[in-house]
Amino acid sequence: MEASERGATPIRPAVIVPCLWVREPAGEVARRYVALFTDPATSPAAQPTALRYVTPIPETPAGSSGGEVAALRLAGQPVLVMSTNNGPPATPNPSISFFVRFDPAVVPGARERLERMWAELSNGGKVLMELGEYAYSPLYGWVEDRHGVSWQLFTPPPDADPRPTVMLSLLFTAADGTAADAGAFYRSVFPGSKDGFIARLADVAPQSAAAAGGGGGDAPAEHTSAERVMGSPQRVMYSDFRLGETWFVAMDGGREHPFAFNEAISLMVECDTQGEIDHYWEALSAVPEAEICGWCRDRFGVTWQVAPSLMRDVLAEGDPARVRRHVEALQKMKKIELAGLPAN
């Protein structure tokens, strides 16, 4: 359903907040990330980085095992980290990662800072793409840290368009992935969205694109497995776009991968009104059995939280009794109904 077919579109451009569900205590993980982004030896930019709060979440009769939530900003990008006493239902994986820009035009010693952050993140983690020079970046690498969270660190080429220091990256893992379709759909959902840059296989590797299918569209079934792995000429090698006030990167994996989007990294949209909640829920929720406590899954498999902005204030205040009342109320709902939340 396109935006014009839904109800009234929210006026306020959304800020989208990635939520990391980790095994270690949320406060411990959040403090580590804040330290990386504030240390002059590793910080990629001067934008604000801070730990906003760490709040315990109580056990409840409805099923919450208890845990904690930490809110932070990484170079201006808000992030939530949560942990539960019985652990997350899934493990973070590279389908959603952080794309971190070390721009030599903005940050002195950008290359050296990147190398030091790489060393910190890869310690106890796993290298997914070796740190080095690539056609699209003088210095780039992809690493999974000890918590399972993935990071793509890069220095932009001199002619690159300006972008935020931290962007969220989505990797679509079908052989002829859906990054372009997903980007168009998400931009139809979020007011104030904007197209950015896109590079397809046909643009950056014409010979590979010709082998994969020539004039575009899906690779024919009679192609060899190697050609199908290469993907169709329309495969998105890189794209970026803004949803509301948040910039994203989206790419097609070009082959099958042993991972997919899951609940370990979700995307939260904070809503001020019931109208905003209704708009995003109707647009994004495509899997009824995944609907719980304001969580839903879209048609591409990405997990979203359509959450009342009131909860940000409740968690920041940290009053245990108030947190418990709101958590217990949320656990009774699928889509959030503001009228069903406590008055205080």
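Look above for the structure.
Small disclaimer: the values here were computed from a predicted structure and weren't measured. Numbers given to residues run from 1 along each chain, matching the order in which its sequence is written. The model is predicted, so local features are restricted to residues of pLDDT at least 70 and side-chain atom pairs to those at 80 or more, both for listing and for counting; the totals for chains, interfaces and linings are taken over all residues. The side-chain values count all of the structure's non-hydrogen atoms but skip hydrogen atoms and water molecules.

> Give me the lowdown on the nonpolar core, citing residues and values where you can.
When a protein is soluble and globular, its nonpolar side chains tend to lie buried together. Counting 85 residues, the largest nonpolar core has Val81, Trp151, Tyr186, Phe190 and Trp304 as the members making the most contacts within it. Here a strand is any run of E in DSSP of at least two residues, a helix any run of H or I of at least four, and the numbering for each starts at the N terminus. A total of seven residues in this core trace back to one element, the largest contributor, which is helix H1 (residues 26-38). Between two residues, a contact is recorded if the distance between any of their heavy atoms is within 4.5 Å. Ignoring any residue separated from it by four or fewer positions in sequence, one finds Val81 in contact with Leu20, Val22, Ala26, Val29, Ala30, Glu68, Val69, Ala70 and Leu72. We call a set of buried residues a nonpolar core when its members are Ala, Val, Leu, Ile, Met, Phe, Trp, Tyr or Cys and they connect through side-chain atoms within 4.5 Å of each other. Burial classification: accessible surface area is computed with a 1.4 Å probe over protein chains only, and a residue below 20% of its type maximum counts as buried, one above 50% as exposed, and the rest as partly exposed. Residues Phe99, Met167, Leu171 and Phe259 belong to the second largest nonpolar core, which totals 10 residues.

> So, the sheet that holds strand E6 (residues 126-134): which residues are in play, and what are the values?
By the convention used here, strands pair only if DSSP detects at least 2 bridges between them. Strand order in this open sheet of eight strands is E6-E7-E8-E5-E9-E12-E11-E10, and the pairing throughout is mixed. Each end of this open sheet is capped by a strand with a single partner; those strands are E6 and strand E10 (194-200). Between one strand axis and the next, the sheet turns through 20° on average, direction left out of account. Pairing between strand E7 (residues 137-144) and strand E8 (residues 150-155): six bridges, direction antiparallel. Bridge pairing links Leu139 to Thr155 in E8. Contacting E6, E7 and E8, helix H2 (residues 110-122) crosses the sheet at an angle of about 15° to E7. Helix axes are fitted only over the stretch in contact, all axes being lines through C-alpha atoms; the angle between N-to-C directions runs from 0 to 180 degrees. Against the sheet, helix H3 (residues 179-189) engages strand E9 (166-172), E10, strand E11 (236-243) and strand E12 (246-252), with an angle of about 5° to E11.

> Can you break down the packing of H3 against helix H7 (residues 274-284) residue by residue, with the values?
The N-to-C vectors of H3 and H7 enclose an angle of 160°; their axes lie 10 Å apart at closest approach. On the basis of the axis angle, H3 is roughly antiparallel to H7. When you trace H3 past H7, the crossing you get is right-handed. Contact residues: H3 offers Phe185, Tyr186 and Val189, while H7 offers His279, Tyr280, Ala283 and Leu284. In the contact of H3 with H7, the residues fall into six nonpolar, one polar and no charged. Throughout, the term roughly parallel applies to angles under 35 degrees, roughly antiparallel to angles over 145, roughly perpendicular to angles from 65 to 115, and oblique to all others. In this scheme the crossing of two helices becomes right-handed for a clockwise turn of the near helix relative to the far one and left-handed for an anticlockwise turn of less than a right angle. Side-chain classes are defined by residue name, with Ala, Val, Leu, Ile, Met, Phe, Trp, Tyr, Cys and Pro counting as nonpolar, Asp, Glu, Lys and Arg as charged, and the others, Gly among them, as polar.

> Give a detailed account of the environment of Trp247, specifying residues and quantitative values.
Within the secondary structure, Trp247 is located in strand E12. A sequence separation of 170 residues divides Trp247 from Gln77, and the C-alpha atoms of the two residues are 9.6 Å apart. Residue contacts for Trp247: discarding those within four places in its chain leaves Arg163, Pro164, Met167, Leu168, Lys194, Asp195, Gly196, Asp240, Phe241 and Arg242.

> Go over empty space enclosed by the protein, please, and point to the residues and values.
Of the grid points, spaced at 1 Å and generated over the protein atoms alone, those admitting a 1.4 Å probe that cannot get out make up cavities, while open sets with protein on both sides within 12 Å along at least five of seven lines make up pockets; any residue with an atom within 4 Å of a point is treated as lining. Grid points are joined across faces, edges and corners, and a volume is the space filled by probe spheres set on the points. This model, assessed by the stated rule, comprises one cavity of 30 Å³ or more. For the largest cavity, the calculated volume is near 40 Å³. In terms of residue class, the lining of the largest cavity is built from five nonpolar, three polar and no charged.

> Break down the pairing of strand E13 (residues 265-271) for me, citing the residues and quoting the values.
For E13, the tally of buried residues reaches seven of seven residues, placing the bulk of the element in the interior. Side-chain alternation along E13 places Ile265, Leu267, Val269 and Cys271 on one buried face and Ser266, Met268 and Glu270 on a second face that is also buried. As judged from the five bridges shared by strand E1 (residues 16-21) and E13, these two strands associate in the antiparallel manner. For Pro18, the partnering residue across the bridge sits in E13 and is Leu267. Strand direction decides the pairing type here: E13 and strand E15 (residues 303-308), joined by five bridges, are parallel. Bridge pairing links Leu267 to Trp304 in E15.

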